[in-house]
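Coordinates in review
Given next are the chains, with one letter for each unit.
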Amino acid sequence: MMKTYMIVDVKKKINVLKQSHGKLITNFYFGSIDDMQKAECLENDKALVFVVQEPFRKRVYFAAADPAACSALLSQLPENSVLEYICQDNSNPFEQVFINGGMERYTRYIRITMTYSENPYMVPEAGRRKLLQEMYDPEFGEYAGEEHAVQLYQTSREVFDELCDDIFTLEKWKKIIADKECMVYYENGELIAYYVYRLEGKKFYSNLSVNRGSANYLYNLERRVFEEMWNKGIRTFYYWINEDNAKALRRGNEKVKMYMKSYHEIYNFIYIKK
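What this report covers is the structure whose coordinates are included nearby. (Residues numbered from 1 in each chain as written. Predicted model: local features only at pLDDT ≥ 70, side-chain atom pairs only at ≥ 80, totals over all residues. Heavy atoms only, no water.)

1. Topic: the overall build of the chain
Within the chain, the regular secondary structure consists of eight helices and 13 strands. Burial analysis of the chain (274 residues in total) assigns 48% to the buried set. With an accessible surface of roughly 14,600 Å², the chain has 48% of that area assigned to carbon and sulfur atoms. Between the averaged position of the 38 positive side-chain charges in the chain and that of its 39 negative side-chain charges there is a distance of 4 Å. (Helix = DSSP H or I, 4+ residues; strand = E, 2+ residues; numbered from the N terminus. Buried < 20%, exposed > 50% of the residue type's maximum accessible area, 1.4 Å probe, protein only. Areas by Shrake-Rupley, 256 points an atom, 1.4 Å probe, with all protein chains shown as cover. Lys, Arg positive; Asp, Glu negative; His and termini not counted. Charge placed at Lys NZ, Arg CZ, Asp CG, Glu CD.)

2. Remarks on the pattern of salt bridges
Applying the stated criterion across every chain yields a total of 15 salt bridges. A salt bridge links Lys175 to Asp179, with the shortest nitrogen-to-oxygen separation between them at 2.7 Å. Taking relative accessible area as the criterion, Asp179 reaches 37% and is therefore assigned partly exposed. One salt-bridge network, in which partners are shared between bridges, spans Glu54, Arg57, Arg59 and Glu84. (Salt bridge = Lys/Arg side-chain N within 4 Å of Asp/Glu carboxyl O.)

3. Some thoughts on the state of the cysteines
Inspection of every chain in the model, using the stated rule, returns zero disulfides. You can see Cys41 has no disulfide; the closest cysteine sulfur is in Cys70, sitting 13 Å from it. (Disulfide = S-S within 2.5 Å.)

4. A look at the nonpolar core
By size, the foremost hydrophobic cluster in this structure holds 50 residues, and its most contacted members are Phe62, Leu74, Leu77, Leu83, Phe98, Phe204 and Phe237. Tallying contributions element by element places helix H7 (residues 215-231) first for this core, with seven residues. With sequence-adjacent residues up to four places away left out, Phe62 is seen in contact with Ile25, Thr26, Asn27, Phe28, Leu48, Val49, Cys70, Leu83, Tyr85 and Phe98. By size, the runner-up hydrophobic cluster in this structure holds 18 residues, among which are Phe56, Trp173, Leu191 and Tyr194. (Core = buried A, V, L, I, M, F, W, Y, C linked by side-chain atoms within 4.5 Å. Contact = heavy atoms within 4.5 Å.)

5. Remarks on the pairing of strand E13 (residues 260-273)
Each regular strand shows side chains that alternate between the opposite faces of the sheet. Judged from the six bridges that link them, strand E6 (residues 82-87) and E13 form a sheet pairing that is antiparallel. Note that in E13 the partner of Leu83 across the bridge is Tyr271. With 13 bridges connecting them, strand E7 (residues 103-116) and E13 associate as antiparallel partners. Bridging from a neighbouring strand, Ile110 pairs with Tyr267 of E13. (Pairing = 2+ DSSP bridges.)

6. Points about the packing of aromatic side chains
Within the structure shown, the criterion is met by 25 aromatic pairs. Relative to Tyr61, the ring of Phe50 lies with its centre 5.4 Å away and its plane at 20°, an arrangement referred to as stacked. One end of the pair, Phe50, is in strand E4 (residues 47-53); the other, Tyr61, is in strand E5 (residues 58-64), with eleven residues separating them in the sequence. Note on accessibility: Phe50 and Tyr61 belong to one class, buried. Aromatic ring contacts, followed pair by pair, group Tyr116, Tyr121, Tyr136, Tyr195, Tyr197, Phe204, Tyr219, Phe226, Trp230 and Phe237 into a single cluster. A cation over an aromatic ring shows up here: Arg235 above the ring of Trp230, its NZ or CZ 3.7 Å from the ring centre. (Phe/Tyr/Trp six-rings, centres within 6.5 Å; stacked < 30°, edge-to-face > 60°. Lys NZ or Arg CZ within 6 Å of the ring centre and 35° of its normal.)

7. Brief notes about H7
Compared with the 24 Å implied by 1.5 Å per residue over 17 residues, the 24 Å span of H7 between its first and last C-alpha is a close match. Among the 17 residues of H7, 14 are classified as buried, and the element is accordingly described as predominantly covered. Phi turns positive one or two residues past the end of H7, at Gly233, with a value near 95°. (Expected span 1.5 Å × (residues − 1).)

Written out as C-alpha cells, the structure reads:
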C-alpha cells in the first residue's frame, strides 16, 4: 500500500537506506523537488519508490540497494506512471530492472551540448538552408505578451506529449512571458510560430519550439535569440531532442563543426507503467 510523505521525510528514508546498504541506484537528486512536496511511497528493506504528482503526469523516483527489490516495488505502481533515467551512454544498464517492474520503454531523449569558438550562423549554408540564411530577418517576431499566454498554453497542450515533454501550466507560461523567454510570430491574428528558451548562467537552453508556417519563420526566431545571446558573450548552448524526431535531428548545418570547441551528449530514457 502506498503511503503519503513529504519529500523531506523521503530524503531521510533514502539516507537510512544508504547508511544500511551503501551505494544506491537512483534517479532522485537532493534539491530537485521542494521538501514540502507530497509523494506517494512504496518501500521494502532494500528499496524505496515514490510518485510525485506533476501538473500533467505522475513522476516516479526510486532509490534502491538491490535491483530485484526495486522491480518488486515498481510492479505495484499505478498505470501511466512515468519514470525517467539519465545515462551518459546511449544504453541504459538498468533497463531490465524497470522492465521487470512492469515498465515499458516509451522513448529516449538526447541532450546535446555545444560550445562554439565562432558564431555558427556565420558559416555559409548550402542548398535549402542557404536560402534561409539569405532570407534572415533580425527583426522577425516579438516577445510574447501576457495576452498570448492562453493560446500558448492551449497550443502546447495540443502539440506536445504530456507524458514526456515540457508542458507548462498557464501560470508557468505567464512567468516565461514576464521573464522574456518566449518569442512569437503571429499572422492575421493567428499564432504561427513560437520559441521558448532560457539563459542559465553561462549556458543557453533551447527549450521548445512550434512552427506551423514556412521553415524561415522558426529559423528567424531561433537565430534572432541566438545572436542576442552570442552578443552577450554566451558560447555554450544545449537542447533536448526526442530520438523519434527525425526531422529535427536532421536540421542544422554540418559545416558548423569547424566552429565547435566541444560537443557532448547524454541520454534520458523514459518508461511508462502499463
